[in-house]
Amino acid sequence: MSVTIEVLDPTDHGAYTEFYEVYARANDRPYDQPWSAEELLVSLVGDEYRRQDALVAREGETVVGVALAELPERDNVDTAFAEVWVPAELRRRGHGTALLERLEQRIAEDGRTQVLTETLRGVGDETSSGREFMLARGYRPDTMNVQRELALPWTPQEVALRDGYTLRAWRGLPPGDWLDQYAHLRALLNQEAPSGETQLENEYWDADRLRLEVDQWKRQRRVAQVVVAVAPDGTLAGHTQLLFPAASPEVYQWDTLVLPEHRGHGLGLALKQQAMGEAADLLEGRARIVTWNDAQNDHMIAVNESLGYRATAYADQWVKHLG
């Protein structure tokens, strides 16, 4: 039976339910659990900073695979971030290839010239079905992230600060006088974190995007614990984020960044320790914290391992230039 591919309307409840069911079944690995239906739906709707293009593959009336491209609108406008999901029992039938080809076609029609994606494999695995799929589709390796997990509960550790730095914490929006500074910090991750040959522009962040993000977190039933480092002159020197989904045993350790001129003062470790201490109430009942680092980021890897994080998976990063 031939496969047909259609564009998903995320506001169509029935169509979205089918999309999510296949997405969740395809994410059958023991690490990096899929997002909840609420989390993914809010993301699919998109906003003025990024647009989503979602596809559904059907064999007759049955959904056999789904795909998604994220299209930045205010930065990296030549790039799309793509993912394809096919449940294990339906793989090797051409569904993933058909979805990816259609997605690449739509990405090219949108004026984008490169596609980035990633595949996961356990730390003991030399390859994976996803890795072999991307190689066969003309993608080339770019870099590799390592996923690490910290088993909970975690024993609080003393936060040692020196050289006049202090820490501040919040959930939701930062204090009004720090909105613009914090938006600037959020924009710098692509520039400051180690990465592969594909050099991405810094993301566009401003106070309005911070407000939008907090609203999206509320709709996704997420809570974010933020801690910032404040330099002796009162400016922000770095930050970290712990993200708590409502219906998951996992917590996500997201961005951690210390500005270059403030490195060498132990702030990376202090930020992460303080964030876990501030979020002690949210950590209760959770099984693990999950984080990711570029395999070249020796300093942050050392920080994470000193806290007890252990590697569980590799996230291979792939790139394809569209002709």
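Reading the values: the criteria
- Residues numbered from 1 in each chain as written.
- Predicted model: local features only at pLDDT ≥ 70, side-chain atom pairs only at ≥ 80, totals over all residues.
- Heavy atoms only, no water.
- Helix = DSSP H or I, 4+ residues; strand = E, 2+ residues; numbered from the N terminus.
- Rg over C-alpha atoms; globule rule 2.2 N^0.38 Å.
- Buried < 20%, exposed > 50% of the residue type's maximum accessible area, 1.4 Å probe, protein only.
- Salt bridge = Lys/Arg side-chain N within 4 Å of Asp/Glu carboxyl O.
- Phe/Tyr/Trp six-rings, centres within 6.5 Å; stacked < 30°, edge-to-face > 60°.
- Lys NZ or Arg CZ within 6 Å of the ring centre and 35° of its normal.
- Pairing = 2+ DSSP bridges.

A. Structural view of the overall build of the protein chain. Within the protein chain, the secondary structure is distributed over 10 helices and 12 strands. In terms of C-alpha radius of gyration, the protein chain reaches 20 Å, essentially the compact-globule figure of 20 Å for 323 residues. The C-alpha extent of the protein chain, read off along each of the three principal axes, is 65 × 40 × 35 Å. Burial status across the protein chain gives 51% buried among its 323 residues.

B. Looking closely at the pattern of salt bridges. Following the criterion strictly, the structure yields 24 salt bridges and no others. E73 is paired through a salt bridge with R51; the nearest N and O atoms lie 3.3 Å apart. Within this pair, whereas E73 is found in the loop between β3 (62-72) and β4 (79-85), its partner R51 is found in strand β2 (residues 50-59), the two being separated by 22 residues in sequence. Judged by its relative accessible area of 32%, R51 is partly exposed. Through salt bridges with shared partners, a single network forms among R51, E73, D110 and R112.

C. Region of interest: the packing of aromatic side chains. By the definition in use, this model includes nine aromatic pairs. Where Y16 meets F19, the ring centres are 6.4 Å apart and the plane angle is 15°; that geometry is what we call stacked. One end of the pair is Y16 and the other is F19, both in helix α1 (residues 13-26) and three residues apart, which spans about a single turn. For Y16, a relative accessible area of 6% gives the class buried. Accessibility expressed as a relative area gives 0% for F19, which makes it buried. Seen from their ring centres, Y252 and W254 are 6.4 Å apart, and the 20° between their planes marks the pair as stacked. Given a relative accessible area of 4%, Y252 falls into the buried group. Pairwise contacts between aromatic rings join Y16, F19, Y20, Y23 and W85 into one cluster. Above the face of the W205 ring, R186 is positioned so that its terminal group lies 4.1 Å from the ring centre. Positioned above the aromatic ring of W205, the side-chain terminus of R209 is 4.2 Å from the ring centre.

D. The arrangement of the pairing of β3 in detail. Judged by how many residues are buried, β3 sits mostly within the fold: nine of 11 residues are covered. Strand direction decides the pairing type here: β2 and β3, joined by 10 bridges, are antiparallel. For A57, the partnering residue across the bridge sits in β3 and is G65. Counting the residues between successive antiparallel strands, the hairpin from β2 to β3 contains two residues, one of them, G60, with a positive phi of roughly 70°. Relative to β4, β3 runs antiparallel, the two sharing five bridges. From the neighbouring strand, E70 faces β4, where its bridge partner is F81. Taking the residues that link successive antiparallel strands as the turn, the β3-β4 hairpin has six residues, and the phi of N76 there is positive, at about 45°.

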